[in-house]
Amino acid sequence: MVPDDAPRVHPVEHFLAAGEGAKAIAWFKIGDHPCSPAGLPAVPDRSSQTAIFLLEEPCEGPEKGSRNGVGLHPGAVHCGVSLPRSADLPDAMSVRTRFAPSPTGYMHIGGMRTALFNWLWARHNGGAFILRIDDTDQQRNVAEAIAPILRAFRWLGLDWDEGPDVGGPHGPYFQSQRRDKYRAAVERLLAEKKAFKDFDPPDVVKADREVAEREKRNYLNVRRSLELSDREIARLEAEGRPYVVRFLIDRTRTVAIDDHIRGRVEWDAGLIADPVICRQDGSPLYNFASVVDDIDLAITHVIRAEEHLSNTAVQVLLFEALDSPLPQFAHIPFVAAPGTTKKLSKRDLAKYQTNPQFKKLFEAAEAILTPLGLSISEALNPVMVSFYEAVGFLPEAVLNALARLGWSYDDKTEHMERNFIIQHFTLDRVVKGAAGFDPDKLLAFQEHWMSRLTTDQKVEGCLPFLVQAGWVQTPLSGEQRAFLARLVEALGERLKLFGDILRYDEYFVADEHLVYDEKTFDKRLRKPAEAAGLLRSFRQVLATREPFDPPALERALHEFVAAQGVELGQIIHALRVAVTGKGIGPGMFDCLALLGRERCLQRIDRALARL
């Protein structure tokens, strides 16, 4: 709500355009508009990211018809700056979107993309994003099951304005707590003869379906119960005869919507069976409960996956029957498995593990999860958002990748920050076709966003993995933190995920516990006849070299090979395997300096003793 003492602003050229004689109220990010009045006190909203100004008189703006502008009054022309809409702005549409997950115990990556698009549309328009829990299954521990879902939202930085943990004026936000609302809606539809009690037993309904199948026609329920008188209905109820409540479809009409993604979509209502909206036990069915909730929560935009398009005709009729204006619909493409047009699903996990497009992601994850005592499974896999947090992806990378699944700003921009996406997200740029999940592209996004971090930020990101593996304990000493910073810098671009730090156990294990890659040990130390002698001789150099830092160690090795008359490759590979147990890693001289003189000497002795 705009405070009474909000500062008054006189017309400023190119500030905001409004129709003649109108007064306008605008709110926007401070500094977003090129003509924001300098030094003017702002009235911050609840996010402290926007300021509200009042215009005493209309003013003209140069960019009429700009798609980024928002007209606040009839006849308004647009400025070339995004102005979010708000419920507190007169004559402005208040956008309210929702995401309604079932408490499954995990957050599907495709569902997260749907939630993101809802969140982006709400934030782009200065509206509200509502999180509603469809917990109609009373057998589940809801609090335990929604915890991973809420964690996924928080990890990605997707806040919700109403819902679990935050409340709101339209609660409750759990379907299990809204039974009275569904019952009231059912009773209303029954009273208005828009629904009826169907006493046909399940075997009769099944027989009707089988007849329709044999006759190769759409199943339409037989409305036998509509022929019952009120007295007959009362008698059947008194006898305890079970019944369901069906919504009465007007089969003489066409149902149509103008979908933001699909365009004009029409259904012949004459082909739609009367849907059950209330079971025998009084519990509501999805189509019905969803509509009641959307009405009660004042949802303006229903943005959901395309598989829900088939539900829409019945839902449109339910909105009308309950005398509610229709929300706008946008059925976005589902997220497809790599190289297919089939929906990404954890049921196909075994197939994904042999899919070449998943190979790099699975290999990276296994190298990280194994030291943690974890593995890829039905409980932790790339179909789940928690997987990406578990292996050390940056939320910025996953958010960027999800935003690009079916939406684009233009035909060339790939890397986008959160605020950029919010500013430019529009439903008209969402594609119709299936959005293919690309693990390699996701890893590329990760590399980009990781490269923007400072060394200290990378250390902080790696630290939880080292603690979880038991390799370090917190709080770190100044010496330990400095060592980690040096290691992170030495790893450079090899550190693609925070969890990649666990690939380099050689810097954390005791010398006597260093594990050698036997195949590499044979190749670099056992087979070359000169390897042991050269390694033994260079050990003497390392024992006295000062200072023991990368530049000095590099000079020492070059001087050594020159004096010995050998090639660098004849010693450097054997040296790496001896001190790290591996054939690859960061720069050789960084490795030596990180381990320090005493550890290098002890490891060389241990390697030589194995020959």
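Now for a quick tour of the structure. (Residues numbered from 1 in each chain as written. Predicted model: local features only at pLDDT ≥ 70, side-chain atom pairs only at ≥ 80, totals over all residues. Heavy atoms only, no water.)

Bringing the packing of helix H11 (residues 395–403) against helix H13 (residues 439–451) into the picture now. One way to put it is that H11 packs onto H13 with a least axis distance of 8 Å and a crossing angle of 135°. In terms of orientation, H11 lies oblique with respect to H13. Considering the relative orientation of H11 and H13, their crossing is right-handed. For the pair formed by H11 and H13, the contact residues are Glu-396, Ala-397, Val-398, Asn-400 and Ala-401 on the first element and Leu-442, Phe-445, Gln-446 and Trp-449 on the second. Across the contact of H11 with H13, the residue classes tally to six nonpolar, two polar and one charged. (Axes fitted to C-alpha atoms, helices over the stretch in contact; angles between N-to-C directions. Helix = DSSP H or I, 4+ residues; strand = E, 2+ residues; numbered from the N terminus. Parallel < 35°, antiparallel > 145°, perpendicular 65-115°, else oblique. Left-handed = near helix turned anticlockwise from the far one by under 90°. Contact = heavy atoms within 4.5 Å. Nonpolar A, V, L, I, M, F, W, Y, C, P; charged D, E, K, R; others polar.)

Here we have three strands laid out as an open sheet, ordered S6-S7-S10, and antiparallel in their pairing. Looking along the sheet, the strands with just one partner apiece sit at the ends: strand S6 (195–198) and strand S10 (276–278). Between one strand axis and the next, the sheet turns through 45° on average, direction left out of account. Across four bridges, S6 lies against strand S7 (residues 244–247) in antiparallel orientation. From the neighbouring strand, Phe-196 faces S7, where its bridge partner is Arg-246. (Pairing = 2+ DSSP bridges.)

With their axes 8 Å apart at the nearest point, helix H16 (residues 518–526) and helix H19 (residues 569–580) run at an angle of 135° to one another. Overall, the two elements H16 and H19 adopt an arrangement that is oblique. The way H16 lies across H19 gives a crossing that is left-handed. Contact residues: H16 offers Thr-520, Phe-521, Arg-524 and Leu-525, while H19 offers His-573, Ala-574, Val-577 and Ala-578. Looking at the contact of H16 with H19, its residues break down into five nonpolar, two polar and one charged.

The next subject is H19. Along its twelve residues, H19 runs 17 Å from first to last C-alpha, staying within 8% of the 16 Å computed at 1.5 Å per residue. Burial analysis of H19 places nine of its twelve residues in the buried class, which makes it a mostly covered element. Listed as buried for H19 are Ile-571, Ile-572, Ala-574, Leu-575, Arg-576, Val-577, Ala-578, Val-579 and Thr-580. Tucked into the core, H19 has its buried residues touching H16, helix H17 (531–544), helix H18 (550–564), helix H20 (588–595) and helix H21 (597–609). (Expected span 1.5 Å × (residues − 1). Buried < 20%, exposed > 50% of the residue type's maximum accessible area, 1.4 Å probe, protein only.)

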